[in-house]
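Residues per chain, in single letters:
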Amino acid sequence: MNQRAVLVVDDDAQIRESLRDALEDEGYAVALAKNGREALQILHRLSRPCAVILDLIMPVMSGNEFYAAMQADPSFSDIPVVVSTSDASRAPNGVLIMKKPMDLARLLTTVDKLF
Amino acid sequence: MDRMSKSPYRLLVVEDENVVAMDLRSSLIQLGYEVVETVATGRQAIECVSREHPDLVLMDVRLRGDMDGIQAAEEIGRMGVPVVYLTAFSDKSTLDRAKITGPLGYLLKPFDERELHIVIEMAVHRHRAQKQHDQLVREQAERAALEEEHRWAQFLADASTKLSSSLDLQTTLEAIAQLAVPMLADLATVHARTERGFETLAIHHGHGKEGLLYELSRRYPPIPELPHGVPLVIWTGRPELIPEVTEEFLRAAAQDQENLELLRALGVKSQMCVPLASRGETWGALTLAYAESGRRYDDEDLARAVDLAGRCSIALDNARLYQQAKEATAHREKLVQDLERTVRFSEQFVGMLGHDLRNPLFGITAAASLITRRADSEAIGTPARRILISASRMERMIEQLLDFTRIRLGKGVPIERRRVSLREICELVVGEFEQTGESAVHIQSVGDVVGNWDADRLSQLLSNLVGNALLHGTGGVWISLDGTEADYVTLRVANPGGISKEMLPVIFEPFRSAADKKQERSSGLGLGLHISQQIVSAHGGSIEVTSSESEETCFTVRLPRDARISDPTLRIREEISLQ
């Protein structure tokens, strides 16, 4: 079985790297992207199975735009997504929402359940 | 003679030669006249005239005594009785002297009865005609004066109406200048004393020379050194009348040759200037002038101008007061707008800040969590946990600020209802407190405590109330739930220890407990209870606090089970607070 992969999309480097460390500690293969466009590029070469932790407000391409692009592509539309945001009202429908700042343990539990 | 049938003319004869007098008297009686008396001196004649009021005096020029006939005739003429001279003297100087007294006839001695008769008839007739004419002229003058008085009264009434029709200062000033023309002037100006000198506030010219008037007032405003006109009137507060504006006057008034040319072109013939006062202080002057009409001002006109200026002053006082009130209102409105903008900005700023703070706070939390997970010694794990505890306190504050901002912006607390048990929520919240080491929270429940509520918001409410009770109470917290009513669930959170009488009425107001200097252990923003109240009212419920200073504090929350039910006591209380 392939190593489970998680793509962390967040424009805040501290958050990105802390999440990477925590997820790697849990045994995930972690990829990082600082905006939606980078995330889309990475998504193509990401091993399966995988999940996405997505921030919403980002420069270049927002989390909402990225999510819409994902949903439009049949090869990505089944990838589970957790939205991490400080403003839950902006989140697209039908995604798991974790409100920032969140409990790291709860986030890890949530991610574990995605696979 | 037909005129004999009427009452005969009554005549006085003044003749110092007795024979002549007797002769004349009998001739006159013969002619059908009544002779009231025959006297010999001027003084006797005057005395008789004042007593008898004869129709005519036949006066000899040469009389004995200290008064001759001409002198006596002068006096008698003033008494309104006509005189005919009878004399033998006809030299030029006597005739000239006699002429001045305005006699109605002059009969040279010797004369016959016919001549005497004609002269008397003509004299009396002319005198009466003259009297009638004088009477007519007097009556006409009186009528004219009356009409003038009426026109003036009408003018003043119109003026008062026009002046009170506007409360705008400039409009009123212009109305004053326009009012005076043409009734009282061909042109009118209103001047005021300001920091910049004497300023022209309004101008009106009845014959289209307003351009010239504007040029004059713009280029040659009254200078303070001028010993007449606007400066003098404003300085003394007394009106000024210049009945005749002469070339010399213009030369003295002109500041230079060009000014003189302009003044000549304006062609003022007569002018007056009256003070405009406000609350007893002269601040300006109304100048009225006749030019084209060629009319002249007199004292009566001046009195009228003063009258008009008095009315103008009242109208201007009103306009000024209105202007001041208007400016004050505008100023106040602007302040309120600025304040509202500032408040709104700061509230929006707090909201934005709250959102933006969450990201770095998550960075801190995530890193600190990672440390606690990786830590293999208390030496590292304990400080990392302290970071997490502080971060979660900060998180709560940010949440409160955001809630508060939403409330202040009128958006209220958003509620997402689903079927939840208040008991379960209580246990979860209490569990969290127990995790953080706080204890002695007792839960008691009767009946069905389920309703359609926002679980997260009720957790927040309970967390605030329990946290508050633990912080301020003197030991232990008692939560009781009462679900025995059909439509309501009642929640009580009680703790030993009281709230001060001063705090109790303002306890739900924002930033109160944090501002309370006596509170040493306060660690929040003082928004918890304010937000709790908003959460309860967003659910359609009510929250109350009772406290006896030394014994116990109890918060009572009544929650309708459903959105359709609202607490009637809440509505009544809102109505009371609205009043």
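Everything quoted here is computed from the prediction, not taken from an experiment.

## So, the environment of Leu232(B)
All names here are of chain B. Relative to the helices and strands, Leu232 is located in helix 8 (residues 229-236). Judged by its relative accessible area of 32%, Leu232 is partly exposed. Separated by 41 residues in the primary sequence, Leu232 and Cys273 have C-alpha atoms spaced 9.4 Å apart. When near neighbours in sequence (up to four residues on either side) are disregarded, Leu232 contacts Pro227, Gly237 and Glu240.

## Examining the pairing of strand 10 (residues 281-290) of chain B
All names here are of chain B. Within strand 10, nine of the ten residues are buried, leaving the element largely enclosed by the surrounding structure. With six bridges connecting them, strand 6 (residues 187-194) and strand 10 associate as antiparallel partners. Bridge pairing in strand 10 places Ala188 opposite Leu288. The pairing of strand 9 (residues 270-278) with strand 10 spans nine bridges and is classified as antiparallel. Along strand 10, the bridge assignment pairs Met272 with Leu288. What sits between strand 9 and strand 10 in their antiparallel hairpin is a turn of two residues, with Arg279 showing a positive phi close to 45°.

## Observations concerning the interface of chain A and chain B
With 17 residues of chain A at the interface, the matching set in chain B holds 16 residues. Note on chain A versus chain B: buried area summed over both sides is about 1500 Å², and carbon and sulfur give 59% of it. When the buried surface of chain A facing chain B is broken down by residue, Ser86(A), Pro101(A) and Leu104(A) rank first, second and third, together holding 36% of it. Connecting chain A to chain B are two salt bridges. Here Asp25(A) makes a salt bridge to Arg374(B), at a shortest N to O gap of 2.6 Å. At the junction of chain A and chain B, the tally comes to two residue pairs in polar contact (both at pLDDT 80 or more). When residues of the side of chain A that touches chain B are traced back to their parent elements, those giving at least two are helix 1 (13-25) and helix 4 (104-114) of chain A. The element that contributes the greatest number of residues to the side of chain A that touches chain B is helix 1 of chain A, accounting for six residues. In the side of chain A that touches chain B, the residues fall into eight nonpolar, two polar and seven charged.

## Some details on the nonpolar core
Residues and elements named next belong to chain B. With 42 residues, the main nonpolar core has Leu422, Leu462, Ile479 and Leu491 as its most contacted residues. The dominant element in this core, judged by the number of residues it contributes, is helix 14 (residues 455-472), at eight residues. When sequence neighbours within four positions are dropped, the list of residues in contact with Leu422 reads Val449, Trp453, Leu458, Leu462, Leu481, Val489, Leu491 and Leu559. If you look at the next biggest cluster of nonpolar residues, it comprises 33 residues, including Ala159, Leu173, Trp283 and Tyr297.

## Things to note about the sheet that holds strand 7 (residues 197-205) of chain B
Residues and elements named next belong to chain B. Spatially, the five strands line up as an open sheet ordered 7-6-10-9-8, and their pairing is antiparallel. Looking at the sheet topology across the chains shown, the edges are occupied by strand 7 and strand 8 (240-242). Ignoring strand direction, the axes of neighbouring strands in this sheet form an average angle of 20°. The strands touched by helix 6 (residues 169-180) within the sheet are strand 6, strand 7 and strand 10, with strand 7 carrying the most contacts at an inclination of about 55°.

## A few points about the sheet that holds strand 2 (residues 29-33) of chain A
Two strands in a sheet stick together by hydrogen bonds in their backbones, pointing the same way (parallel) or opposite ways (antiparallel). All names here are of chain A. Spatial ordering of the open sheet is given by 2-1-3-4-5, a layout of five strands whose pairing is parallel. Every interior strand has two partners, whereas the edge strands, strand 2 and strand 5 (96-99), have only one. Shown here is a sheet whose adjacent strand axes are inclined to one another by a mean of 20°, direction ignored. Across four bridges, the pairing between strand 4 (residues 81-85) and strand 5 is parallel. Its bridge partner lying in strand 5, Ser84 is registered against Met98. Strands strand 1 (5-9), strand 2 and strand 3 (50-55) of the sheet are contacted by helix 2 (residues 36-44), whose axis makes an angle of about 145° with strand 2.

## Remarks on the confidence of the model for chain B
All names here are of chain B. Residues with a pLDDT of 70 or more make up 92% of chain B, whose mean pLDDT is 83. Across residues 1-5, confidence stays below pLDDT 50; counting only partners more than four residues off in sequence or on other chains, it has nine contacts. Across residues 567-579, confidence stays below pLDDT 50; counting only partners more than four residues off in sequence or on other chains, it has eleven contacts. Across the interface, the model reports ipTM at 0.84; the global pTM reads 0.47.

## Looking at the packing of helix 14 of chain B against helix 16 (residues 528-538) of chain B
All names here are of chain B. Contact pair helix 14 / helix 16: the axes reach a minimum separation of 9 Å and the direction vectors enclose 145°. Both helix 14 and helix 16 take part in a crossing whose hand is left-handed. Within the contact between the two elements, helix 14 uses Arg457, Leu458, Gln460, Leu461, Asn464, Leu465 and Asn468 and helix 16 uses Gly528, Leu529, Ile531, Ser532, Ile535 and Val536. A class-by-class count of the residues in the contact of helix 14 with helix 16 yields seven nonpolar, five polar and one charged.

## Concerning the packing of aromatic side chains
Residues and elements named next belong to chain A. Within this structure, the stated rule accounts for five aromatic pairs over all chains. With a centroid separation of 5.9 Å and 35° between ring planes, the pair formed by Tyr28 and Phe115 is classed as tilted. Of the two residues, Tyr28 is situated in the loop between helix 1 and strand 2 and Phe115 in the segment after helix 4; the sequence distance between them amounts to 87 residues. Tyr28 gets classed as buried once you look at its relative accessible area, which sits at 5%. Residue classification places Phe115 among the partly exposed positions, given a relative accessible area of 32%.

## A few points about the packing of helix 11 (residues 299-374) of chain B against helix 12 (residues 378-408) of chain B
All names here are of chain B. One way to put it is that helix 11 packs onto helix 12 with a least axis distance of 9 Å and a crossing angle of 160°. It follows from the interaxial angle that helix 11 and helix 12 lie roughly antiparallel. Seen from above, helix 11 lies across helix 12 with left-handed handedness.

Rules of the game
- Residues numbered from 1 in each chain as written.
- Chains lettered and ligands numbered in written order.
- Predicted model: local features only at pLDDT ≥ 70, side-chain atom pairs only at ≥ 80, totals over all residues.
- Heavy atoms only, no water.
- Helix = DSSP H or I, 4+ residues; strand = E, 2+ residues; numbered from the N terminus.
- Buried < 20%, exposed > 50% of the residue type's maximum accessible area, 1.4 Å probe, protein only.
- Contact = heavy atoms within 4.5 Å.
- Pairing = 2+ DSSP bridges.
- Buried area = accessible area lost by both parts, 1.4 Å probe.
- Salt bridge = Lys/Arg side-chain N within 4 Å of Asp/Glu carboxyl O.
- Polar contact = N/O pair within 3.5 Å; in protein donor to acceptor, adjacent residues only side chain to side chain.
- Nonpolar A, V, L, I, M, F, W, Y, C, P; charged D, E, K, R; others polar.
- Core = buried A, V, L, I, M, F, W, Y, C linked by side-chain atoms within 4.5 Å.
- Axes fitted to C-alpha atoms, helices over the stretch in contact; angles between N-to-C directions.
- pLDDT = per-residue confidence, 0-100.
- Left-handed = near helix turned anticlockwise from the far one by under 90°.
- Phe/Tyr/Trp six-rings, centres within 6.5 Å; stacked < 30°, edge-to-face > 60°.
- Parallel < 35°, antiparallel > 145°, perpendicular 65-115°, else oblique.

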